[in-house]
Amino acid sequence: MMKSLASLAPLLLLVAAAPLPAQRDLAGTPEIEQSLRKLDELGTVLMIGAHPDDERTPVLAYFARGRHMRTAYLSATRGEGGQNLIGSEQGAQLGLVRTQELLAARRVDGAEQFFTRAIDFGFTTSAKETLEKWGHDRILSDMVWVIRRYRPDVVILCFTGTPRDGHGQHQASGILGREAYAAAGDSSRFPEQLRYVKPWHAYRLVQSTFRRNPSEKPTTLVAETGAFNPILGYSYDEIASMSRSMHRSQGMGNMRRLGGGRGEFPGRAEFTVVSGPPATHDIFEGIDTTWNRLSGGAAIGQILSNAIRNFEPQHPEKTIAELVKARPAIAAIDDPLARIKLTQLDEAIAQCAGLWIEAQARAPEAAPGSKVHITTTVLNRSAVPVTLESAELEGIWNQPLPHTAAALGDNQSAALEFDGEVPASQPYSQPYWLVKPPDGNTYTVDDQKLIGLADTPPVEQVKLRLSVEGATIELTRPVHYRYADRAIGERVRPFVIAPAVAVNLPNPVSMFPSAAPRRVEVALQANVPNAAGELHIDIPSGWKVEPPSRTFDVATAGGQTQLMFDVTPPAGASTAELRAVATVGGRRIDSGMQVIAYSHIPTQTLFPPSQAKLVRADIRVTAHKIGYIMGAGDEMPDALRQLGLEVTLLSPSDLELGDLSRFDAIVAGVRAYNVRADVRANQPRLLDYVRNGGTYIVQYNTGDNSLDMGPYPFNVPPGDRYRVTVEEAPVAFPHPDSPLLQAPNHITQKDFEGWVQERGLYFALKWDPRYQTVLESHDPGAAPLEGGELWTRYGKGVYIFTAYDWFRQLPAGVPGAYRLFANLLSARQTVAERAGR
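Residues numbered from 1 in each chain as written. Predicted model: local features only at pLDDT ≥ 70, side-chain atom pairs only at ≥ 80, totals over all residues. Heavy atoms only, no water.

## Here we look at the overall build of the chain
Okay, so step 1: Within the chain, the regular secondary structure consists of 21 helices and 42 strands.
Okay, so step 2: Here the C-alpha atoms of the chain give a radius of gyration of 29 Å, agreeing with the 28 Å that 2.2 N^0.38 yields for 837 residues.
Okay, so step 3: Judged by the C-alpha coordinates and their principal axes, the chain covers about 95 × 75 × 55 Å.
Okay, so step 4: In the chain, buried positions account for 58% of the 837 residues. (Helix = DSSP H or I, 4+ residues; strand = E, 2+ residues; numbered from the N terminus. Rg over C-alpha atoms; globule rule 2.2 N^0.38 Å. Buried < 20%, exposed > 50% of the residue type's maximum accessible area, 1.4 Å probe, protein only.)

## As for the sheet that holds strand β39 (residues 772–773)
Okay, so step 1: Spatial ordering of the open sheet is given by β33-β32-β34-β35-β42-β41-β39, a layout of seven strands whose pairing is mixed. Where the open sheet ends on each side, the last strands, each with one partner, are β33 (646–649) and β39.
Okay, so step 2: With four bridges joining them, strand β34 (residues 665–668) and strand β35 (residues 695–699) adopt parallel strand pairing. Bridge pairing in β35 places Ala665 opposite Thr695. (Pairing = 2+ DSSP bridges.)

## What about the packing of helix α4 (residues 57–66) against helix α9 (residues 236–244)?
In a pair of packed helices, the angle between the axes and the distance between the axes together describe the arrangement.
Okay, so step 1: Packing of α4 against α9 brings their axes to within 8 Å, and their N-to-C directions diverge by 120 degrees. In the crossing of α4 with α9, the sense of the turn from one axis to the other is right-handed. In this structure, α4 uses Thr57, Pro58, Ala61, Tyr62, Arg65 and Gly66 to contact α9, whose residues at the interface are Tyr236, Asp237, Ile239, Ala240, Ser243 and Arg244.
Okay, so step 2: Across the contact of α4 with α9, the residue classes tally to six nonpolar, three polar and three charged. (Axes fitted to C-alpha atoms, helices over the stretch in contact; angles between N-to-C directions. Left-handed = near helix turned anticlockwise from the far one by under 90°. Contact = heavy atoms within 4.5 Å. Nonpolar A, V, L, I, M, F, W, Y, C, P; charged D, E, K, R; others polar.)

## Some points on the packing of aromatic side chains
Okay, so step 1: Overall, the coordinates contain 25 aromatic pairs when judged by the stated rule.
Okay, so step 2: Seen in terms of ring centroids, Phe63 and Phe284 are 5.8 Å apart; in terms of plane orientation they differ by 50 degrees. Their pairing is tilted. You can see Phe63 sitting in helix α4 and its partner Phe284 sitting in the loop between β9 (269–275) and α10 (298–309), a full 221 residues away along the chain.
Okay, so step 3: What makes Phe63 buried here is its relative accessible area of 1%.
Okay, so step 4: A relative accessible area of 4% places Phe284 in the buried class.
Okay, so step 5: On the numbers, 6.0 Å between centres and 85 degrees between planes, the contact of Trp145 with Tyr196 is edge-to-face. (Phe/Tyr/Trp six-rings, centres within 6.5 Å; stacked < 30°, edge-to-face > 60°.)

## Focus on the side chain of His600
Okay, so step 1: Along the chain, His600 falls in the loop between β29 (594–596) and β30 (604–606).
Okay, so step 2: A polar contact is formed between the side chain of His600 and the side chain of Glu101, at a distance of 2.8 Å. (Polar contact = N/O pair within 3.5 Å; in protein donor to acceptor, adjacent residues only side chain to side chain.)

## Focus on helix α7 (residues 136–150)
Okay, so step 1: Helix length check: α7 (15 residues) gives 21 Å between terminal C-alpha atoms against 21 Å at 1.5 Å per residue, within 8%.
Okay, so step 2: For α7, the buried fraction is high: 12 of the 15 residues fall into the buried class.
Okay, so step 3: Turning to α7, its buried residues are Ile139, Leu140, Ser141, Asp142, Met143, Val144, Trp145, Val146, Ile147, Arg148, Arg149 and Tyr150.
Okay, so step 4: Arg151 sits one or two positions beyond α7 and adopts a positive phi of about 55 degrees. (Expected span 1.5 Å × (residues − 1).)

## Structural notes on helix α3 (residues 28–39)
Okay, so step 1: Counted at 1.5 Å a residue, the expected span for α3 with its 12 residues is 16 Å, and the 17 Å between its end C-alpha atoms agrees.
Okay, so step 2: The elements touched by buried residues of α3 are α4, β2 (70–75), β7 (228–229), α10, α11 (320–331) and α12 (336–352).

## Considerations on the pairing of strand β21 (residues 509–512)
Okay, so step 1: The side-chain alternation of β21 yields two buried faces, one formed by Val509 and Met511 and the other by Ser510 and Phe512.
Okay, so step 2: Inspection of the sheet shows β21 paired to strand β31 (residues 611–616) by four bridges, in the parallel sense. Its bridge partner lying in β31, Val509 is registered against Lys613.

## Description of the environment of Pro316
Okay, so step 1: By secondary structure assignment, the location of Pro316 is in the loop between α10 and α11.
Okay, so step 2: On the basis of relative accessible area, Pro316 is assigned to the buried category, the value being 15%.
Okay, so step 3: Taking the C-alpha atoms as reference points, Pro316 and Ala72, separated by 244 residues in sequence, lie 28 Å from one another.

## Things to note about the environment of Asp768
Okay, so step 1: Summarising the element assignment, Asp768 is placed in the loop between β38 (766–767) and β39.
Okay, so step 2: Residue classification places Asp768 among the buried positions, given a relative accessible area of 14%.
Okay, so step 3: C-alpha of Asp768 to C-alpha of Thr792: the two residues are 24 residues apart in sequence and 9.9 Å apart in space.
Okay, so step 4: Ignoring anything within four residues of it in the chain, the contact list for Asp768 reads Tyr712 and Pro713.
Okay, so step 5: In this structure the side chain of Asp768 is engaged in a polar contact, spanning 2.8 Å, whose partner is the backbone nitrogen of Arg770.

## What to know about the sheet that holds β2
Okay, so step 1: Pairing in this open sheet of seven strands is mixed, and the strands run β3-β2-β1-β4-β5-β9-β6 from one edge to the other. At either end of the open sheet lies a strand with only one pairing partner, and these are β3 (112–115) and β6 (221–223). On average, each strand axis in the sheet is tilted by 30 degrees relative to the strand beside it, whichever way the strands run.
Okay, so step 2: Summarising the sheet, strand β4 (residues 154–157) and strand β5 (residues 204–209) pair through four bridges and their orientation is parallel. Pairing of Val154 across the sheet is with Arg204, part of β5.
Okay, so step 3: Along the sheet, α7 makes contact with β1 (44–49), β2 and β3, crossing β1 at roughly 165 degrees.

## Things to note about the confidence of the model for the chain
Okay, so step 1: For the chain, mean pLDDT is 92; residues scoring 70 or higher make up 94% of the total.
Okay, so step 2: Note that residues 1–23 has pLDDT below 50 and, in this model, 59 contacts with residues that lie over four places away or in other chains. (pLDDT = per-residue confidence, 0-100.)

## Considering the pairing of β9
Okay, so step 1: Direction of pairing for β5 relative to β9: antiparallel, over a ladder of five bridges. Counted as the bridge partner of Ser208 is Phe271 from β9.
Okay, so step 2: Alignment of β6 against β9, held across three bridges, turns out to be antiparallel. By the bridge assignment for β9, Ala223 is matched with Ala269.

## So, the nonpolar core
Okay, so step 1: Among the nonpolar cores identified, the biggest contains 80 residues, and Ile629, Tyr696, Phe801, Trp806, Phe821 and Leu825 are the most heavily contacted of them.
Okay, so step 2: Element by element, the count of residues in this core is highest for helix α20 (residues 815–825), at seven residues.
Okay, so step 3: Leu294, Ile303, Ile320 and Val459 belong to the second-largest nonpolar core, a separate cluster that totals 59 residues. (Core = buried A, V, L, I, M, F, W, Y, C linked by side-chain atoms within 4.5 Å.)

## Quick notes on the pattern of salt bridges
Okay, so step 1: Using the criterion set out here, one finds 39 salt bridges in the structure.
Okay, so step 2: Close ionic contact of Asp282 with Arg67 constitutes a salt bridge, the shortest N to O distance being 2.5 Å. With a gap of 215 residues between them, Asp282 in the loop between β9 and α10 and Arg67 in the loop between α4 and β2 connect regions that are remote in the sequence.
Okay, so step 3: On the accessibility criterion, Asp282 (16% relative accessible area) is buried.
Okay, so step 4: Of the charged contacts, one joins Glu347 and Arg477 as a salt bridge, the two residues approaching to 3.0 Å between their closest N and O atoms. (Salt bridge = Lys/Arg side-chain N within 4 Å of Asp/Glu carboxyl O.)

## Focus: unusual backbone geometry
Okay, so step 1: Following Glu546, the chain continues into Pro547 via a peptide bond in cis, with omega recorded as -10 degrees.
Okay, so step 2: Examined against the element boundaries, Pro547 turns out to sit in the loop between β24 (544–546) and β25 (549–554).
Okay, so step 3: The residue after Ala743, namely Pro744, is reached through a cis peptide bond having omega -5 degrees.
Okay, so step 4: Inspection of the secondary structure puts Pro744 in the loop between α18 (739–742) and β38.
Okay, so step 5: Of note, the phi angle at Asn411 is positive, near 65 degrees, even though the residue is not glycine.
Okay, so step 6: Tracing the backbone through its elements, the reader meets Asn411 in the loop between β14 (407–408) and β15 (412–421).
Okay, so step 7: Judged by its relative accessible area of 55%, Asn411 falls in the exposed class.

## A few points about the packing of helix α5 (residues 91–109) against α9
Okay, so step 1: At a minimum axis distance of 8 Å, the contact between α5 and α9 shows a crossing angle of 160 degrees. As summarised for this structure, α5 and α9 are arranged roughly antiparallel, according to the angle between their axes. Viewed along their axes, α5 and α9 form a crossing whose handedness is right-handed. Across from Ala105, Arg106, Val108 and Asp109 in α5, the residues of α9 making contact are Ile239, Met242 and Ser243.
Okay, so step 2: The residue makeup of the contact of α5 with α9, split by class, is four nonpolar, one polar and two charged. (Parallel < 35°, antiparallel > 145°, perpendicular 65-115°, else oblique.)

Now the structure itself:
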């Protein structure tokens, strides 16, 4: 385990219970009012679902913002198997984006976030397959762990655990959620966890209920999510709409709906009791959520009630005197919930005092062995005197920050400077669930205390002790890097430890369609000045690289250089792994650096292994110039360039005014018709291109009967019914003599081996008889589906609709998928040759 995480081990158990303050979506009086009421509310609720978009956001907002309870969503996966509407990230990188989107959503709706180690491996209809791939007991133990740590009074299931839920992962989350509710209170289940936590039996398990038919009888257990909060200025449904809009990679942006009873957020949520005592109106019936539930808590509740009652929005500092009275009494209670409330109390005092505290690094990253400068600033923006008693770094350095104790008056600040050197042995930063390779469809996490956490604890943080109104409070802030983006404004990103040089392989897959050598590029990025060393290429026997190594010297931090190597494959089909390793100052570096930057989430930095897949396969293609219409984002253009093709990304002006005839084939990216109005607007020009002799390939689009994507009608139904989710599903050839199967590559069953995640998405169900099918496939037990690939001659050219998921197979380096897609690109030439025989 990384040293920076291990050194924070004593704090990890508290992270899940009381997350560190981050970017805030409330400020001033609304934030303070919410904090005060949260202090006086001891109810806790946990919701369990399968994916980042499964949460019942109005319910979270209602309990977190409306009833001020500790509220959290436990998602079994991070959404790695979905599609990406805003960029090209897939797999683990997409999971990281969606993790941060959920955290952004939680900052809006006020809830907290947890995950299990399960990986979203794509759509499935089978709970059995899901539990086999995840490992039933492994993910059950994760859910039990989160329940035991978070200690909810009520657990809410998003799904029933039955086929009614549709997606097999939905079903699995419902099954595991029910089992976890019971197992968490059983000391004989997962006893290894009891080293850190105690068994916990939630009072009640409920099911979030949807009445899809208005004639269904409503339940009496409700949450009025359409209620208006005058302090926040929104109803909880409105807050849910804003929270939901943070799921941008999934296209969840939506408008606020004013008033209840309409749309996705109908103004009230309904529940049914699954286990535990019955209830008639509220899921917290019979549960004491006041301070009376804790021994010695009654007096604390009275103090906090007075603080809320006497709160003056214009003078929040007057509330501090009341709050500090409660501190010693809360600190004296030996209970996990009291410790959480103590942290919340200290933050509330800081808010009332207008305290601004920041630990700012001079640069966003530092390399092992390099110097680091951190400035910790404490600013008092109230008339209440504040004295900084002590400050210490926790993480890498674990040492006190020197300072002179002094009282800070109104609008006075203190700055604590730290200069240190990152230990040479310090590991690079990495999301904790990506430190080690996954075990099948679950992440490998060795440290029990990390399991469940939404994000990785900071590399370094500062803990401060301050005296406010005679009481000592403790506050903790992560070290970060704050800067100005000229287009967006102020931005904050985590401080990370990076290698001296990042060894990046721009092409994660290198295809060799013949035995001829090809050039492989390694891009080096320096993170320190004067980064000099040697880059060596490790390659398996049978493959050759020339030269085996090269020296480099990059003068400035942030500078880059490209080193080229000629790789020669063996004559026959082969798959291998290339690894690029740099040596700088005696340290071996085999990590790249990937920065993921979107405006709605903090910038994320990954350090993936500097390795690439080498694939030698016989692939012929007669097309050369390709126009590519980017849709919802994928890596197909770079994958096609692996075949030596000239790929041009087509802009809206290209589609409207450009010379399309210069392309041998044009490819529409995934969901292009869903997300680009210019594609639909220029459909006549694209069909003219086909009529005049071009090849136009349209990849999958989500079902919408209004879309007219081809020269003749075909129908792609909405929903998930018409797709093939099992990547090993058998494939048949309804028309074995189809030109798309014959040339320039003769397609056989072998070309469907080694596919990843699934066969295809959103197949056509009905089509004009002028189309011909090419492939047939189906999930086990399902009806045969021929609508995954349709083609027709149109004028002098060829039109193809294909819902098979090339956007996953080609970037993954699946040889057969390359051969199949090469035939699609070459279709016009192939059809013309066969017609001329």
